[in-house]
Amino acid sequence: MTSTLTVRHLFGPGPTNPYPEATEALARPLIGHLDPQFLAIMDRACEGLRQVWGTANRRTLPISATGSAGMEAAFVNFVNPGDAVVIAVNGLFGERMCDVAARCGAEVVRVDFPFGQPVDAQKVAQAHPNPTIIAAVHAETSTGVRSDIAALGAIKGDALLLVDAVTSIGGIELLADEWGIDIGYAGTQKCLGVAPGLAPFTVSDRAWERRVENPRSWYLDLGMLGGYVGETSGSATRTYHHTAPVAMIASLDAGLQRILDEGLDAVRDRHYAAGHALQNGLEAMGLELFAAEGHRLPELTTVKVPDGVDSAAVRKELLEKYNLEIGPGVKEFANTVWRIGLMGPNASPDSVALILGALQDVLG
Ligand code: PLP
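Residues numbered from 1 in each chain as written. Predicted model: local features only at pLDDT ≥ 70, side-chain atom pairs only at ≥ 80, totals over all residues.

Student: Please clarify how the overall build of the chain should be interpreted in this entry.
Tutor: Regarding its fold elements, the chain presents 13 helices and 14 strands. Projected onto its principal axes, the C-alpha coordinates of the chain cover approximately 60 × 55 × 40 Å. Taken over 364 residues, the chain has a buried fraction of 52%. Put simply, of all contacts in the chain between residues at least 6 apart along the chain, 72% involve residues at least 24 apart. (Helix = DSSP H or I, 4+ residues; strand = E, 2+ residues; numbered from the N terminus. Buried ≥ 20, exposed ≤ 12 C-beta atoms within 10 Å, placed from the backbone. Contact = placed C-beta atoms within 7 Å.)

Student: Help me understand the sheet that holds strand S9 (residues 183-185), please; the structure alone is not making it clear to me.
Tutor: The strand order across the open sheet built from seven strands is S2-S10-S9-S8-S5-S3-S4, with neighbouring strands paired in mixed fashion. Whereas interior strands pair on both sides, the edge strands pair on one side only; in this sheet they are strand S2 (59-63) and strand S4 (107-112). The sheet shows a mean angle of 15° between the axes of neighbouring strands, taken without regard to direction. One ladder, built from five bridges, connects S2 with strand S10 (residues 199-203); its direction is antiparallel. Directly across from proline 62, in S10, lies its bridge partner proline 200. (Pairing = 2+ DSSP bridges. Axes fitted to C-alpha atoms, helices over the stretch in contact; angles between N-to-C directions.)

Student: What is the right way to look at the packing of helix H3 (residues 67-76) against helix H4 (residues 92-103) in this model?
Tutor: Each pair of packed helices can be described by the angle between their axes along with the distance between the axes. Between H3 and H4, the shortest axis-to-axis distance is 9 Å and the interhelical angle comes to 45°. In terms of orientation, H3 lies oblique with respect to H4. Crossing of H3 against H4: the hand is right-handed. Residues Met71, Glu72 and Phe75 of H3 lie in contact with H4, whose contacting residues are Arg96, Met97, Val100 and Ala101. Residue composition of the contact of H3 with H4, by class: five nonpolar, no polar and two charged. (Parallel < 35°, antiparallel > 145°, perpendicular 65-115°, else oblique. Left-handed = near helix turned anticlockwise from the far one by under 90°. Nonpolar A, V, L, I, M, F, W, Y, C, P; charged D, E, K, R; others polar.)

Student: Whenever I open this one, the nonpolar core confuses me. Can you help?
Tutor: Where a protein is soluble and globular, its nonpolar side chains tend to be buried together. With 113 residues, the main nonpolar core has Ile87 and Ala101 as its most contacted residues. Aside from chain neighbours lying at most four places away, what touches alanine 101 is Phe75, Val79, Val85, Ile87, Ala106 and Val108. (Core = buried A, V, L, I, M, F, W, Y, C linked by C-beta atoms within 7 Å.)

Student: Would you explain the site of the ligand in this entry?
Tutor: The immediate surroundings of the ligand are formed by 13 residues, with Thr66, Gly67, Ser68, Thr141 and Val166 found nearest. A per-element tally of the shell around the ligand places H3 first, with three residues. (Near = placed C-beta within 6 Å.)

Student: Help me understand unusual backbone geometry in this model?
Tutor: Negative phi is the rule for most residues except glycine; trans is the rule for most peptide bonds. Geometrically, the link from glycine 14 to proline 15 is a cis peptide bond, its omega value of 5° lying close to zero. Looking at the secondary structure, you find proline 15 in the loop between strand S1 (9-10) and helix H1 (20-26). You will see that asparagine 323, though not glycine, has its phi angle at about 55°, which is positive. By the element assignment, asparagine 323 lies in the loop between helix H12 (311-322) and strand S12 (324-325). For asparagine 323, a count of 13 C-beta atoms within 10 Å gives the class partly exposed. Positive phi is not limited to glycine here, since lysine 331 has a value of about 50°.

Student: Can you help me understand the sheet that holds strand S13 (residues 327-328) in this one?
Tutor: Across the sheet, which stays open at both edges, the three strands sit in the order S11-S14-S13 with antiparallel pairing between neighbours. Looking at which strands have only one partner, the edges of the open sheet turn out to be strand S11 (300-304) and S13. Relative to strand S14 (residues 337-341), S11 runs antiparallel, the two being bridged by five bridges. The residue of S14 that forms the bridge with threonine 302 is arginine 339.

Student: How do you make sense of helix H11 (residues 264-284) when you look at a structure like this?
Tutor: The first and last C-alpha atoms of H11 sit 30 Å apart over 21 residues, in line with the 30 Å expected at 1.5 Å per residue. What H11 keeps buried is the set Val267, Arg268, Arg270, His271, Ala274, Gly275, Ala277, Leu278, Gln279 and Leu282. Buried residues belonging to H11 abut helix H10 (246-262), S11, S14 and helix H13 (349-363). Note on H11: the residue one or two positions beyond its end, glycine 286, has a positive phi of about 90°. (Expected span 1.5 Å × (residues − 1).)

Below you can see the structure in the form of structure tokens.
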């Protein structure tokens, strides 16, 4: 029996609708994970990832699991028990970092900021005299806020700067080398416009020299993954570590080529234009935005649910009547905030018009 799924407009916090090129790649004939044709695709995907990360790091690869595995890899490979790890928390994913770092034995120094506000680098700098790692989320998907990663790079001192770029990569400016990012992880299902399933990852040479000798994760051990993608010795000497998710990597490659063909600046301008048009349109409808002005992500807008409106009922009606998905807020904002994503191919004027029109209709 074949089941047919309704096509949805994925305007929530992710996954987004993929670029058509990324979807098409999933349907190509499967090839082996050590086939020279596949190794060429992997090489090109890693090169594409360097470009969207804004890095020349040799060690840039897609980890075979979702963004949270990228987060695990970032901590498990660089935290030794007792290391002081300063984590800036201004949303759910900063909180998740604290949990992951603690499980790796870190002495977590948590620096909290109100949800909806960006991270303040000076406050982070004052949290500990000599941390091993300073960590922050570039684009907090839970609140729609962008934090200034270059400012954290400027105060990191001897610490390694660890950054979550899950919702920024492929959507807004991301300059890993220029900003001093030492360890970065991301996801495919947001602005890269690819299905969920891979965690683009990058490591600077400075971080590499300080990595944990024998990390407590076999699957996420970057030392072993290095051989798998041939990043240190070239594709000729690639070694088996795990069976590469061939179709997903081909899809990532296709998505990346789509972005690079359009041009990184053009893609970012498209995300900014769509996000600002949506935010202006929502305000013109009399709605109030949640994230602090001047720090709003264009790709993920948070908007307050008007008083007296049933947040879940509106989302349900949008889905049933317009096949349009938006997300709820998180934690204490679950019923008082909506999250609207315009990521990858959805960062477009027609998506903006569709959301505004549908919301106007449902709100009456
Ligand atoms: N970090 C951020 C900022 C995210 O938005 C997400 C997912 O939405 C994650 C981490 C976790 O990624 P995943 O759900 O792909 O495991």
